[in-house]
Amino acid sequence: MTVDELATEIGAEVVGDGSQQITGASTLEEATPGQVSFLANAKYARQIESTRATAVIVAPSITPTKQITLLKSSDPYYAFMKAAVLLYGHRKHPHTGIHPAAHVHETATIGEGTTIYPGAYIGPRVKLGRDCIIYPNVTIYEDCILGDRCIIHASTSIGTDGYGYATHKGIHHKIPQVGNVIIENDVEIGACCSIERAALGSTTIGQGTKIDQLVVIGHGCKIGPHCLLVAQVGIAGSVTLGHHVTLAGQAGVTGHLKIGNQVTIGAQSGVMADIDDQSTVVGSPAMPVSHARRVYMHFTQLPNIIERIKTLEQQVEELASGGSDDGGGDDGAEVV
Amino acid sequence: MTVDELATEIGAEVVGDGSQQITGASTLEEATPGQVSFLANAKYARQIESTRATAVIVAPSITPTKQITLLKSSDPYYAFMKAAVLLYGHRKHPHTGIHPAAHVHETATIGEGTTIYPGAYIGPRVKLGRDCIIYPNVTIYEDCILGDRCIIHASTSIGTDGYGYATHKGIHHKIPQVGNVIIENDVEIGACCSIERAALGSTTIGQGTKIDQLVVIGHGCKIGPHCLLVAQVGIAGSVTLGHHVTLAGQAGVTGHLKIGNQVTIGAQSGVMADIDDQSTVVGSPAMPVSHARRVYMHFTQLPNIIERIKTLEQQVEELASGGSDDGGGDDGAEVV
Amino acid sequence: MTVDELATEIGAEVVGDGSQQITGASTLEEATPGQVSFLANAKYARQIESTRATAVIVAPSITPTKQITLLKSSDPYYAFMKAAVLLYGHRKHPHTGIHPAAHVHETATIGEGTTIYPGAYIGPRVKLGRDCIIYPNVTIYEDCILGDRCIIHASTSIGTDGYGYATHKGIHHKIPQVGNVIIENDVEIGACCSIERAALGSTTIGQGTKIDQLVVIGHGCKIGPHCLLVAQVGIAGSVTLGHHVTLAGQAGVTGHLKIGNQVTIGAQSGVMADIDDQSTVVGSPAMPVSHARRVYMHFTQLPNIIERIKTLEQQVEELASGGSDDGGGDDGAEVV
């Protein structure tokens, strides 16, 4: 494929020699001749001067010193994604449909074009939509429903029992978990996650939401569409997330909270209260980001702050004893 | 089942019309006519006024404004659990006994009434008690022992090797992990957990302890009976927990500590010292809860505290320079 | 085996009766007669006085009060490891080679002496070296390469897709993950971990690195040789670790950072900046350990610090109002 042909496919404008052949894609740093790369973050702009890539997808405003073919796009990373799909495609599965070593219950319904790998378990009355991919050793408990084009990675568990017990006289009695999990279209879930079924009703994951590795979603959660839940996030039971919510790695949310739309929650944050739409919070406990930045700056400077307090204490003592020389002895005594 | 019949079964007293039919159970918010609900937390008391439930299980002291049938019980949540078991029962398994697609070593001993799902691996000399449930893709390494009525959810690993190496000249040499894991009766463990076997001796999980999703228990731990370990908790090696210890989500405990009886450890806490009986600790590092509340309140107010220090510094400077006007010039110079 | 024979095998010098029989190994606290134990940490030195062990491996400088046979070694824990291997050996597998219930793709290459347990999935073109152990329900995605003597515990996933999406008009578009994972010789990985494949190129794990349970390694990471990654550690994408780096439990590292050689990162730390060689950092955000110790000491004493500020405020107010009696009224007014 030539640069010109690629540009047409990804909707970019060529600046420079469009006749060169492109056979692969890589990062600016690792690209070799014949590869297309991209610049999506101004932070890496200098790398464009030293890259060995044949062509680079950039925003219209970028004009490097170096002589290099540019593919100008209003969304370079999205254009690069399209180039990578054209050049490499997505995974070719080693088999089609349900592998004979998968365990699919006879009452489960599997949509056309869905691929199920060896060792996956699909329980009674589960419904999988079309063109899903269920990787090895995934477990989907009974009655769960997945939409179309869902991808579930290895060893993830969908619909395991919620963590619900009634404690009576020191004994924890299991509450039947008779709900299910409903996952909408185009959801991807990483490896070794657990999505708990609701005790009653449904745990839901909204359309287009992408979940990373080792994430836990508690029973009865309502996760909105187009959210991003990064690795090792934990969300306790009955939490509601709006749309386009991002939780960075290892963040945790306590139970029964309402997180608004387009909220961003920082890595390792501990969320213990509802969050309004369009907020960004970080820290444990989670605070609005502008406040949190000052809190953590002061936190890391605590030894210096203590020095300032010690200095103040010495100064005040000196002032007080200086005052006592002038006859203010009673007040001075109190100070010490 | 009528409300009166349900009341008899769960040991509650009917106040109102006991002749109505009950066919299901739900939360106050989501209940529909024909369903029984419950009020276990005074925080949700207002919901009883708007619920569509036919009957509500409540504490004896509750008297709503609304005309609704009440089921009075001294432990409403426990009574509700019994109602849910009556109305729905626990999971009906799609097969009985050992599924042919489970991998059970010929030297393993499986108790009567135990259900093993496809893809589960039960290693040499493992002993499972009666009426256990081993969900799909669970791995139980050799020589581990489980009591009766234990439930192990999908993809959990029992008896994996402890993380033990002797480092010599920069190389980490594996120490044989020749102990096992002993799990007592009525333990439930969520999905994708790992319970390490002891290097020597046993890692033990006490009777009635309930473990949530993605929890790690290190080698040689002694977890007491009736503990609650919430999702993503991590406990390092050789830790001892008493009875009725609760660890909230994402809490961590470093190695070789002794945690007393009836201890509660808050979410995301980092425990680095032994904890006495009946303590509640929160925070990282974990502190007694009353102290920690003040620490975290001040922590989130650090920008305000810095302002107070700045104000003090200005005031002291003014006082000192004011004093220097009165002839205390030498001291004043030191102050600046 | 006699104490003398054991000493020869592990390279230790006998002080005391070397003719006694040794049949097992244990900790000082749990050892019984006939067992060998060890003292590697001076903290436990008192236990040597009460142990029931027949012989104890110690550093040359140790001279207990108690009459007990000593095995003197310059590296007692390493010597103990050798004794444990002699006395118990490593795991004897219940089968040799590839178990018939494992799922190995026909294009995968499996080295001699490698053991693959039931339920493990080995994808297309995977290469496993010699003498590896792949435990039950492990998933190795296509094109990944493992060296010799690697050990992968149950339900771990190697080569799952990296978490990479291009977000365009609110929709997250999956970027093909066409790289792989390369694991060098002598790496051990615990249960329920996920090692993401690189989008392009390789995620690499260096020789001799040991990874505990439930660890996540992001796509494109370069983990150096002889590192120790303790349970529930999470490392985001494109992070580089040097050699002999230790991350304690639940620590997290954000993307694209460079961590030097021989770095130690404390439990629950949050690393958000590059780290130089030989550094030790702790805390969230991670700070050099000597600074962090003071920060956290002051942090836990914040209520006391606030009291000191309150006292200062009262003193300054008194000084200011005392000053106003002497005629400094204008300044005094500002102070209040």
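Nothing here was measured: the structure is a model prediction, and the numbers come from that model.

Caption draft 1: Region of the structure containing empty space enclosed by the protein. Enumeration according to the criterion identifies five cavities of 30 Å³ or more in this entry. Of the pockets and cavities examined, the largest cavity occupies roughly 60 Å³. Considering the residues around the largest cavity, the lining is formed by B:Tyr121, B:Pro124, B:Arg125, B:Tyr141, B:Glu142, C:Arg91, C:Lys92, C:Pro94, C:Tyr117, C:Tyr135 and C:Pro136. For the lining of the largest cavity, the per-class residue count stands at seven nonpolar, no polar and four charged.

Caption draft 2: Representation of the pairing of strand S3 (residues 35-38) of chain C within the structure. All names here are of chain C. Across the two faces of S3 the burial is the same, with Gln 35 and Ser 37 and Val 36 and Phe 38 all buried. Where strand S2 (residues 24-25) and S3 come together, two bridges link them in parallel fashion. The partner of Ala 25 across the bridge, within S3, is Val 36. Both S3 and strand S4 (residues 55-58) contribute to a ladder of three bridges, which runs parallel. The residue of S4 that forms the bridge with Ser 37 is Val 56.

Caption draft 3: Representation of the relation of the copies chain B and chain A. Placing chain B over chain A gives an RMSD of 0.0 Å and needs a rotation angle of 120 degrees, together with 0.0 Å of translation along the axis. On this basis, the relationship between the two copies can be described by a three-fold rotation axis.

Caption draft 4: Fine view of the interface of chain A and chain C. Each partner contributes to the interface: chain A provides 61 residues, whereas chain C provides 65 residues. Between chain A and chain C, the buried area comes to about 5,100 Å², and carbon and sulfur atoms account for 64% of it. For the pair chain A and chain C, the interface holds four salt bridges. Note that C:Arg308 and A:Glu313 form a salt bridge whose closest N and O atoms lie 2.8 Å from each other. Taken together, the connections running from chain A to chain C amount to 28 residue pairs in polar contact (both at pLDDT 80 or more). Listed by contribution, the elements that provide at least two residues to the side of chain A that touches chain C are helix H3 (76-88), strand S22 (210-211), strand S25 (228-229), helix H4 (289-300), helix H5 (302-325) and helix H6 (329-335) of chain A. At 10 residues, H5(A) tops the list of elements feeding residues into the side of chain A that touches chain C.

Caption draft 5: Highlighting the sheet that holds strand S5 (residues 69-72) of chain B. All names here are of chain B. An order of S1-S5-S4-S3-S2 is seen for the five strands of this open sheet, with the pairing classed as mixed. Because the sheet does not close on itself, it has two edges, and the strands there are strand S1 (13-15) and strand S2 (24-25). Where S1 meets S5, three bridges bridge the pair, whose relative direction is antiparallel. In the sheet register, Val 15 faces S5, and the bridge partner there is Leu 70. Against the sheet, helix H1 (residues 3-10) makes contact with S1, strand S3 (35-38), strand S4 (55-58) and S5, and its axis sits at roughly 15 degrees relative to S5, the strand it touches most. Across the sheet, helix H3 (residues 76-88) is in contact with S2, S3 and S4; its angle to S3 comes to roughly 155 degrees.

Caption draft 6: Region of the structure containing the interface of chain B and chain A. Taken together, the contact between chain B and chain A spans 61 residues of the former and 65 residues of the latter. Summing both partners gives a buried area of about 5,100 Å² for chain B against chain A, and 64% of it is carried by carbon and sulfur. For B:Arg91, the salt bridge is made with A:Asp161, and the minimal N-O distance between the two is 2.7 Å. Counting the contacts that link chain B with chain A gives 28 residue pairs in polar contact (both at pLDDT 80 or more). Looking at the side of chain B that touches chain A, the elements that each hand over two or more residues are H3, strand S22 (210-211), strand S25 (228-229), helix H4 (289-300), helix H5 (302-325) and helix H6 (329-335) of chain B. Here the side of chain B that touches chain A takes 10 residues from H5(B), the largest share from any one element. Among the residues making up the side of chain B that touches chain A, the classes are represented as 37 nonpolar, 16 polar and eight charged.

Calculation criteria
- Residues numbered from 1 in each chain as written.
- Chains lettered and ligands numbered in written order.
- Predicted model: local features only at pLDDT ≥ 70, side-chain atom pairs only at ≥ 80, totals over all residues.
- Heavy atoms only, no water.
- 1 Å grid on protein atoms, 1.4 Å probe; cavity = no way out; pocket = protein on both sides within 12 Å on 5 of 7 lines; lining within 4 Å.
- Points joined across faces, edges and corners; volume = space filled by probe spheres on them.
- Nonpolar A, V, L, I, M, F, W, Y, C, P; charged D, E, K, R; others polar.
- Buried < 20%, exposed > 50% of the residue type's maximum accessible area, 1.4 Å probe, protein only.
- Helix = DSSP H or I, 4+ residues; strand = E, 2+ residues; numbered from the N terminus.
- Pairing = 2+ DSSP bridges.
- Least-squares fit on C-alpha atoms with pLDDT ≥ 70 in both.
- Contact = heavy atoms within 4.5 Å.
- Buried area = accessible area lost by both parts, 1.4 Å probe.
- Salt bridge = Lys/Arg side-chain N within 4 Å of Asp/Glu carboxyl O.
- Polar contact = N/O pair within 3.5 Å; in protein donor to acceptor, adjacent residues only side chain to side chain.
- Axes fitted to C-alpha atoms, helices over the stretch in contact; angles between N-to-C directions.

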